[in-house]
Amino acid sequence: MDSGEPVTSAPLAARLRVPSGPLFFPVTAYGPDGALDLDVYRAHVRRGVDAGAAAVFACCGTGEFHALTPEEFERCVRAAVEETDGRVPVIAGVGYGTALAVRYAGLAETAGADGLLALPPYLVVAAQEGLLRHYREVTAATRLPVIVYQRDNAVFTPKTVVALARTEGIIGLKDGLGDLDLMQRIISAVRTEVPGDFLYFNGLPTAEQTQLAYRALGVTLYSSAVFCFAPEIALAFHRALTTGDDTTAHRLLDGFYRPFVELRAQGRGYAVSLVKAGVRLGGLDVGEVRPPLHEPSEDHVKRLAEVIERGHALLEEDK
């Protein structure tokens, strides 16, 4: 339907609006043979929740959704649900074509997930009508609330986002494009034309780097890959944002986040593989990334360790 109030999951929407911590996108752990290591994955999720994550986004981009079989996906989502034990919501990634996205949505619902992050459709560049039909069909197939991820081949006009916001079950938009003019027009259009709340997320890689700009648009929710391997730094930055402490935010941006982003730019796929290397540096062996991603070079891992050490030193300066 194209009119009327959106029907949302009030508990999930309300819980995600509480600025209690960063949104945690755990990596998926593999053993030396490349097989799924659920024990290590559970430990990773548990550590993140214990550290203060506001939500767990399981099997999304950082969690290598693209590399998981449906069976592995369901096992990971179920493990995340069990480890969070209701303390924070678990949102699972779904994607590919419409039929497979519907299947993954069903698996996530069976595993106990609280919501879904709908990744862009596989490969094709579709018109707005096709994108709208895709996300509506996925949403209609599940009782779980859906957050739509804008990036790559899924870029929406404000009119399309209004239609998404009016769709029963779609509760928000995560932006991985970074076009602030478009985001402002989307937010304005939805605010003007759709009653009720609609959630917005900054979903750019290392979202902290752009979160001051997104905050100016009223977007307070953001994904934090850094939380996977340096939760203390991610929490300090989040605290600075929520309290308006721009001095601390700028110090962390200049001394930690910018060097990390510059290092991340040295390799394709480093938005995942460099994060996974960071988790290993922290003492949890989550294994390597699966192909087609590749591991960072030895020199880049050494530089990552130095960047993380510098980030922690910045935190000590505040004490």
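Rules used in this analysis
Residues numbered from 1 in each chain as written. Predicted model: local features only at pLDDT ≥ 70, side-chain atom pairs only at ≥ 80, totals over all residues. Heavy atoms only, no water. Pairing = 2+ DSSP bridges. Helix = DSSP H or I, 4+ residues; strand = E, 2+ residues; numbered from the N terminus. Contact = heavy atoms within 4.5 Å. Axes fitted to C-alpha atoms, helices over the stretch in contact; angles between N-to-C directions. Phe/Tyr/Trp six-rings, centres within 6.5 Å; stacked < 30°, edge-to-face > 60°. Buried < 20%, exposed > 50% of the residue type's maximum accessible area, 1.4 Å probe, protein only. Expected span 1.5 Å × (residues − 1). Polar contact = N/O pair within 3.5 Å; in protein donor to acceptor, adjacent residues only side chain to side chain.

Participant: In this structure, what is going on with the sheet that holds strand β4 (residues 115-118)? I would like to understand it.
Facilitator: Working definition: the strands of a sheet are paired by backbone hydrogen bonds and lie parallel or antiparallel to each other. With parallel pairing, 8 strands are arranged side by side around a closed barrel as β1-β2-β3-β4-β5-β6-β7-β8. As paired elements, strand β3 (residues 90-94) and β4 share 4 bridges and run parallel to each other. When the sheet's bridge partners are listed, G93 is paired in β4 with L117. Relative to the sheet, helix α4 (residues 98-110) contacts β3 and β4, its axis offset from that of β3 by approximately 160 degrees.

Participant: Is there a simple way to explain the packing of aromatic side chains in this structure?
Facilitator: Two aromatic rings, taken as a pair, are described by how far apart their centres are and by the angle between their planes. Going through the model one piece at a time under the given rule, you end up with 14 aromatic pairs. Ring geometry for F25 and F57: centres 4.4 Å apart, planes at 10 degrees, overall stacked. Placement of the pair is F25 in the loop between β1 (23-24) and α2 (38-51) and F57 in strand β2 (residues 55-58), with a sequence separation of 32 residues. On the basis of relative accessible area, F25 is assigned to the buried category, the value being 4%.

Participant: In this structure, what is going on with helix α7 (residues 180-193)? I would like to understand it.
Facilitator: Turn by turn, an α-helix covers 3.6 residues, leaving residues three or four places apart pointing in a common direction. Taking 1.5 Å as the rise per residue, α7 with 14 residues should run 20 Å; its terminal C-alpha atoms sit 20 Å apart, in good agreement. Where α7 is buried, its residues touch β5 (146-150), α6 (158-165), β6 (170-175), β7 (199-202) and α8 (211-216). The N-cap residue of α7 is D179: its side-chain oxygen and the backbone nitrogen of D181 are 3.2 Å apart.

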